[in-house]
Amino acid sequence: MNAFSTSPAPAGHPSAALGPADTAVPAPGAVGTARPRIEGAAKVTGRVRYAADQPMSDLAHGWVVTSTVSRGRIRDIDTSAALAMPGVLGVIDHRTAPRLNPQAGVLFGPDGGLQLLQDETIPHAGRPIALVVAETPEQARAAALALSVSYDEEPHDTDFSLDHPASRPALPLFGGDANVGDVDAELAASAVVVDERYRTPEEHGSAMEPHSATAWWEDGRLQVIDCNQGPFLVARTLATLFFLDPKQVRIRAEHVGGGFGSKTNCGPHLILAVMAATLFERPVRVTLTRSQVFQTISMRPATDQRIRIGADADGRLRAIDHAPAFELSRIAVFLEHCTELTKTLYSAPAIRTRLTTVPLDILPPFSVRGPGAVPGSFALESAMDEVAEQLNMDPLDLRLLNEPAVGPVSGLPFSRRNLVACLREGARRFGWAARDHRPRARREGHLLVGSGLAATSFMAGAFPSSASITAETDGTYTVAISASDIGTGARTALTAVAAEALRVDPGRIRMLIADSDLGPAWSAGSSRGTTSWSWAITEAAHKLLAQSDDPTRPLTVSAETSESLGRLSPKERHSYSAVFAEVTVDPATGEVRVRRLLGMFAVGRVVNPLLARSQLVGGMVTGLSMALHEEGVRDRVTGRHINGDFAGYHIAAHADVPDIEADFVPDYEPDDPSGIKGVGEIGAVGTAAAIANAVWHATGRRQRTLPIRPDRVLEERPEY
């Protein structure tokens, strides 16, 4: 089915049996039609209020104080000067803070990163150690600067590498490590072997909206306005953390100014705001500064990855051996699944992965856009190009030659695999056939010009969620689901899904989202938000249409998708893409400019081409930023970040963004009621590798460490 198709679902598909039709005649093409965001005009005219903008009577403000040492203990906090300052209501520290549940966590078990102000221990630099609460933010900030804190500093370790003696096996999630065939024997029998290490640095989410939360108690319930990616899951975590009944906690996150994974968790601003609202018995708002976001909000961990790939002389792969390590905090567990693509992308008789972690004295890392797959793709796709280089083979042909028929590790069938279509159509549009595959062969004046590609995938699927739909007396429908719109246009996309499922015009849909009281729902994360929410909405619509003969109005039905998801047969389910890049390199200055990016994507049925293309272009910009700019740098002596702001931590700006094109190949997910997959992260996966491969093509020098800074490209005696 074409990505823009509005045709009925095929016979036997879940949405082909909708029950009795609604009496209204729907406008065709609710799904598959490009529509602007429902809230777009309100955003660009300033009528939308974000978490820090919400008006609140009797509001107090909290200012976070963070540790200046990377490991140690607090000897003393002298609050006397701060408490004597105008407007100050109090100071919360480890001596006065409410006790928290040490078993609270998010996805990977108990999380010590949530245990704020519980004792005098300092596990990492930037750890919140106090909250000053005052009548105004200015008064709170001034008092925070007046706090006198002394420490007993201890030796810290923030020096990450694959060879670190403390490394240990990672969590065995997502099937654990792969071990198919005899890797060592296949490598020994290979005509060519690539054996290299690839490194990526710490990277931050860098959402435009800093983290902010307002908390207060009302009629025995904790009320919160926050900026997060999943109100229901964050509310559950918060309830566990504060020993509350989940029904006592309500979190709303109506508008969120970007997240990229950094707003998935129960953030420090939220925890501290709840503490203050509880102790001072009035609404308290805590908003982080940009510097505090860098210090206290989880980042993508650094990785160090060794890859060995063996191939026959004709390019057929014999073995892939991928041994990545990523940095971890000593106080929380996490999985940066760098080997996802290694297990699924290419066919080889022997595939082995060994994913390890290195516990350090750092802030707990967590998911950032395309977790695991983004750094893993850089390593795998760079190594594949190095294989092609040794074989003097077109990198496109190498990838096409090693296309698997089933999951290379799992042996499971693919639900739908359209990577070849992405590669072929992308190559056609990019003009790949005219490329001179020799490195350093194309010049424009003093500039070297190169092109490169990368293939990639990202896991697709859905998680259990619930939704309710009310048929109103005026012929409209109210759809309620605890989804989150973090700037992706979720309201607009879900409105189209509901309209199609109910067979009505989108104008008759009223969408309620971003409220934990609306019931269990997955977060905006793992590229499963829209798929999970759409599935729940579609099931609720089917139930409502089945009761269309019931004259009762308003009539409300609800659906929860655990049972439907449990009936799915095991398959390999992925989105796919091929990214092509053209760069220019000035060898005298080391400056790399991306001139052109083209991405072809197989992401199932596209709900809204306008919004989906925007997401994919944004993801490609993220990949460009990763390739050339983003790098969290630590002082080796102090262990602290030395570039924790947008002046020192560079992200791609308009001047860096080239001609970017993102488009779709026809695709359809047969096991999803709407035929869709996720688009949030597939755009970022593969882009950095395509750019790195293009830089090699331009210069003849391989860049195995990101970002590709000028000092890494600069040639002492450039040859033009």
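**Details of the overall build of the protein chain**
For step 1, the next point in the chain: Across its full length, the protein chain carries 16 helices and 26 strands.
For step 2, the next point in the chain: Since a compact globule built from 720 residues should have a radius of gyration of about 27 Å, the 26 Å found for the protein chain is in line with a globular shape.
For step 3, the next point in the chain: For the protein chain, the spread of C-alpha atoms along the principal axes amounts to about 75 × 75 × 50 Å.
For step 4, the next point in the chain: Per-residue burial over the protein chain gives 61% buried out of 720 residues.
For step 5, the next point in the chain: By sequence separation, contacts in the protein chain at least 24 residues apart represent 82% of the contacts at least 6 residues apart.
For step 6, the next point in the chain: Within the structure as shown, the protein chain displays about 26,200 Å² of accessible surface, and the carbon and sulfur contribution to it stands at 52%.
For step 7, the next point in the chain: Charge centroids of the protein chain, computed over 70 positive and 84 negative side chains, lie 2 Å from each other.

**A closer look at the sheet that holds strand E6 (residues 148-153)**
Note: strands within a sheet are paired through backbone hydrogen bonds, in either parallel or antiparallel orientation.
For step 1, the next point in the chain: A sheet is described by the order of its strands in space; here three strands give the open sequence E4-E2-E6, paired in antiparallel fashion. The open sheet has two free edges, formed respectively by strand E4 (121-122) and E6, since each of these has just one partner strand.
For step 2, the next point in the chain: Two strands pair when backbone bridges link them, and strand E2 (residues 72-78) and E6 are joined in this way by six bridges, in the antiparallel orientation. The residue bridging Arg73 from the neighbouring strand is Asp152, located in E6.

**Looking at unusual backbone geometry**
For step 1, the next point in the chain: Of note, the amide linkage connecting Arg553 to Pro554 takes the cis form, showing an omega dihedral of 0 degrees.
For step 2, the next point in the chain: Between Leu706 and Pro707 the backbone carries a cis peptide bond, its omega angle lying at -5 degrees.
For step 3, the next point in the chain: Here Pro707 shows up in the loop between helix H15 (687-699) and helix H16 (710-713).
For step 4, the next point in the chain: One non-glycine residue, Phe243, lies in positive phi territory at about 55 degrees.

**Some remarks on the packing of aromatic side chains**
For step 1, the next point in the chain: Under the defined criterion, the tally for this structure stands at 11 aromatic pairs.
For step 2, the next point in the chain: Consider the rings of Phe294 and Tyr649, whose centres lie 5.3 Å apart with planes at 65 degrees: the pair is edge-to-face. Here Phe294, found in helix H7 (residues 290-296), pairs with Tyr649, found in the loop between helix H14 (609-628) and strand E26 (659-664); they are 355 residues apart in sequence, far enough to count as distant.
For step 3, the next point in the chain: Residue classification places Phe294 among the buried residues on the basis of a relative accessible area of 5%.
For step 4, the next point in the chain: Under the relative-accessibility criterion, Tyr649 is labelled buried at 1%.
For step 5, the next point in the chain: Here a set of aromatic residues connected by ring pairs shows up, and it is made of Phe108, Phe326, Phe334 and Phe366.
For step 6, the next point in the chain: Above the plane of the ring of Phe414 lies Arg417, whose end atom (NZ or CZ) is 4.7 Å from the centre.

**Observations concerning the packing of H14 against H15**
For step 1, the next point in the chain: At a minimum axis distance of 7 Å, the contact between H14 and H15 shows a crossing angle of 50 degrees. Classed by the angle they form, the pair H14 and H15 counts as oblique. For the pair H14 and H15, the crossing hand works out as right-handed. When H14 is examined against H15, the residues Met620, Gly623, Leu624, Met626, Ala627 and Leu628 are found in contact with a partner set consisting of Thr687, Ala688 and Ile691.
For step 2, the next point in the chain: Considering only residue class, the contact of H14 with H15 consists of seven nonpolar, two polar and no charged.

**Structural notes on the sheet that holds strand E21 (residues 477-480)**
For step 1, the next point in the chain: If you walk across this open sheet you meet the four strands as E22-E21-E20-E23, and the pairing is mixed. On the outer flanks of this sheet lie strand E22 (509-512) and strand E23 (555-560), each paired with one strand and no other. For this sheet the average axis-to-axis angle between neighbouring strands, irrespective of direction, equals 20 degrees.
For step 2, the next point in the chain: Where strand E20 (residues 466-471) and E21 come together, four bridges link them in antiparallel fashion. Bridge pairing links Ala471 to Tyr477 in E21.
For step 3, the next point in the chain: Strand contacts of helix H11 (residues 490-502): E20, E21 and E22, with the helix running at about 135 degrees to E22, the strand carrying the most contacts.
For step 4, the next point in the chain: Lying on the sheet, helix H12 (residues 529-546) is in contact with E20, E21 and E23; it crosses E23 at an angle near 135 degrees.

**Observations regarding the state of the cysteines**
Between two cysteines, a covalent bond joining their sulfur atoms is known as a disulfide.
For step 1, the next point in the chain: All chains considered together, the criterion is met by zero disulfides.
For step 2, the next point in the chain: Here Cys266 stays free of any disulfide, with the sulfur of Cys227 as its closest cysteine sulfur at 12 Å.
For step 3, the next point in the chain: Given a relative accessible area of 4%, Cys266 falls into the buried group.

**Here we look at the nonpolar core**
Most often, soluble globular proteins keep nonpolar side chains buried together rather than apart.
For step 1, the next point in the chain: Formed by 81 residues in total, the largest nonpolar core has its most connected members in Ile309, Val583, Leu597 and Ile691.
For step 2, the next point in the chain: When residues of this core are assigned to their parent elements, the largest contribution, 10 residues, is made by helix H8 (residues 373-391).
For step 3, the next point in the chain: Apart from residues lying up to four places away in sequence, Leu597 is in contact with Val579, Phe580, Ala581, Met620, Leu624, Pro658, Asp659, Ile660, Glu661, Thr687 and Ile691.

So, how was this worked out
- Residues numbered from 1 in each chain as written.
- Predicted model: local features only at pLDDT ≥ 70, side-chain atom pairs only at ≥ 80, totals over all residues.
- Heavy atoms only, no water.
- Helix = DSSP H or I, 4+ residues; strand = E, 2+ residues; numbered from the N terminus.
- Rg over C-alpha atoms; globule rule 2.2 N^0.38 Å.
- Buried < 20%, exposed > 50% of the residue type's maximum accessible area, 1.4 Å probe, protein only.
- Contact = heavy atoms within 4.5 Å.
- Areas by Shrake-Rupley, 256 points an atom, 1.4 Å probe, with all protein chains shown as cover.
- Lys, Arg positive; Asp, Glu negative; His and termini not counted.
- Charge placed at Lys NZ, Arg CZ, Asp CG, Glu CD.
- Pairing = 2+ DSSP bridges.
- Phe/Tyr/Trp six-rings, centres within 6.5 Å; stacked < 30°, edge-to-face > 60°.
- Lys NZ or Arg CZ within 6 Å of the ring centre and 35° of its normal.
- Axes fitted to C-alpha atoms, helices over the stretch in contact; angles between N-to-C directions.
- Parallel < 35°, antiparallel > 145°, perpendicular 65-115°, else oblique.
- Left-handed = near helix turned anticlockwise from the far one by under 90°.
- Nonpolar A, V, L, I, M, F, W, Y, C, P; charged D, E, K, R; others polar.
- Disulfide = S-S within 2.5 Å.
- Core = buried A, V, L, I, M, F, W, Y, C linked by side-chain atoms within 4.5 Å.

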